[in-house]
Amino acid sequence: MTATRQGRLVGLDVARCLALLGMVATHVLDARTPDGELATAQWLAGGRASALFAVLAGVSLALMTRKPLRGRPRALRSLGILGRAVLVALLGLALGGLDSGLAVILTYYGVLFVLGIPFTYLRLRTLMPLTVAWVVLAPVVSHLVRPHLPERGYDNPTFAQLADPGQLASELLLTGYYPVVPWLAYLLAGLALGRLDLRDTRLLGALALGGLGTAVLATRISRALVDPAIASENEGGMFGVTPPDGDWSWLLVVAPHSATPFDLAQTIGSAVLVIAACLLLERLLPRAATAVLGVVLGAGAATLTLYSLHVVMRTPRVWPEDAGPSAYAAHVAVLLTLGAALRIAGRRGPLETVAGLPVRLAQRSGTKR
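Scoring rules and cut-offs
Residues numbered from 1 in each chain as written. Predicted model: local features only at pLDDT ≥ 70, side-chain atom pairs only at ≥ 80, totals over all residues. Heavy atoms only, no water. Phe/Tyr/Trp six-rings, centres within 6.5 Å; stacked < 30°, edge-to-face > 60°. Helix = DSSP H or I, 4+ residues; strand = E, 2+ residues; numbered from the N terminus. Buried < 20%, exposed > 50% of the residue type's maximum accessible area, 1.4 Å probe, protein only. Lys NZ or Arg CZ within 6 Å of the ring centre and 35° of its normal. 1 Å grid on protein atoms, 1.4 Å probe; cavity = no way out; pocket = protein on both sides within 12 Å on 5 of 7 lines; lining within 4 Å. Points joined across faces, edges and corners; volume = space filled by probe spheres on them. Nonpolar A, V, L, I, M, F, W, Y, C, P; charged D, E, K, R; others polar.

## What about the packing of aromatic side chains?
Within this structure, the stated rule accounts for eight aromatic pairs. Plain terms: the ring middles of Phe53 and Tyr109 are 5.2 Å apart, the flat faces sit at 15° to each other, and that makes the pair stacked. Taken together, the positions of Phe53 in helix α3 (residues 48–64) and Tyr109 in helix α5 (residues 106–116) put the pair 56 residues apart, joining distant regions of the chain. Pair check on accessibility: Phe53 and Tyr109 agree, each one buried. Summarising the aromatic geometry, the rings of Tyr178 and Trp183 are spaced 5.3 Å apart at their centres and angled 85° between planes, so their arrangement reads as edge-to-face. A relative accessible area of 4% means that Tyr178 is categorised as buried. Overall, Trp183 belongs to the buried group, its relative accessible area being 6%. Each member of the aromatic cluster is reached from another via a ring pair, and the members are Tyr108, Tyr177, Tyr178, Trp183 and Tyr186. In this structure, Arg74 is placed above the aromatic ring of Tyr121, and the distance from its NZ or CZ to the ring centre is 4.1 Å. Sitting over the face of the ring of Phe113, Arg84 holds its NZ or CZ atom 5.1 Å from the ring centroid.

This is the structure:
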């Protein structure tokens, strides 16, 4: 019996909540200390929180497609996932038009789901080597192609950019802050992870150790190959990709949001470590403690709604412009309180309900003869 047939995996909600809080930290807390050093929160969550978010997207996609289907039912399910992805992408375009000052991930996230649909038909034995190949080769292809693409802008994707679909596609796929082509490695890793028995304690322990080893090894190899001055200059992260100047040595860096092979490997390893650790915690805790954890970190079951709320809260008209620990504490308090309230009430987030409508309609249509 697969893990997902035995009820909701609270550990995945915990991991989603950590991803949400990590992304909020990178948005609200200062990246540098007064002495100019990289802040602990930025070192811990920079690049890793959004990668965890994307790997969890792959796990969710795997769980949605765990039941093998063929013919019309499979086509309907794929259409449902496509409809969900489109709604998420449209939400991202709307949020991108707000004066939040944030790099909104949701439009990229929606496109990631669209491109990931064909890969849901693959088995684990195909997904695993494909993920490794994607980590290595996608950044190389991006490095070759990007110098020939339109110059990248630094605004979020918005409805206004639909007037220039070529530019928008270029940024979403290869040159933007969360470029979907290399980021598909995260989705593939999550798909492979979601095909495993996520209630097997021994397997989870092995995954945690493997994730940690991968992250450490990728970081150490990169640091050994890259000039320390360059590594230090970029330790705070880039803006989605490396500079399109034709210098192949950029592919050796491990900086956050650089989409290099080392960055992808390090952040995938970190994501696997966090997911496995959260699932292990669920397995080791008594049932009552797990239930409490599910409420306290219930925000992880409504990340679409609460991430969107966070973006709105970062707009000057809604929340006075502020940064630092007090602002972070306020954001966390709001998000966790609402997440706990939804969990206690047994309700999904409102945006989760809307975005899930195409999937539910597809499921109902598939059951009709």
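Don't stop here, the text continues.
## Some details on the environment of Ala340
Counting through the fold element by element, Ala340 comes out in helix α14 (residues 325–345). A relative accessible area of 15% means that Ala340 is categorised as buried. Here the alpha-carbon distance between Ala340 and Arg223, two residues 117 residues apart in the chain, equals 41 Å.

## Focus: the layout of surface pockets
In this structure, the largest pocket occupies an estimated 1300 Å³ of space. Along the wall of the largest pocket there are 44 residues; nearest its centre are Arg8, Ser60, Leu63, Met64 and Arg348. Those elements giving two or more residues to the lining of the largest pocket turn out to be α1 (10–28), α3, α4 (71–96), α5, α13 (303–313), α14, α15 (350–355) and α16 (357–367). Estimates place the volume of the second largest pocket at around 840 Å³. Around the second largest pocket, the lining is made up of 37 residues, and of these Trp43, Leu44, Arg48, Gln266 and Ser270 lie nearest the centre. Put simply, the parts of the chain that give the lining of the second largest pocket at least two residues each are α1, α2 (40–45), α3, α9 (201–225), α10 (228–233) and α11 (261–284). Sorting elements by how many residues they give to the lining of the second largest pocket places α9 first, with seven residues. Each residue belonging to the lining of the second largest pocket can be placed in one class, and the counts come to 25 nonpolar, eight polar and four charged.

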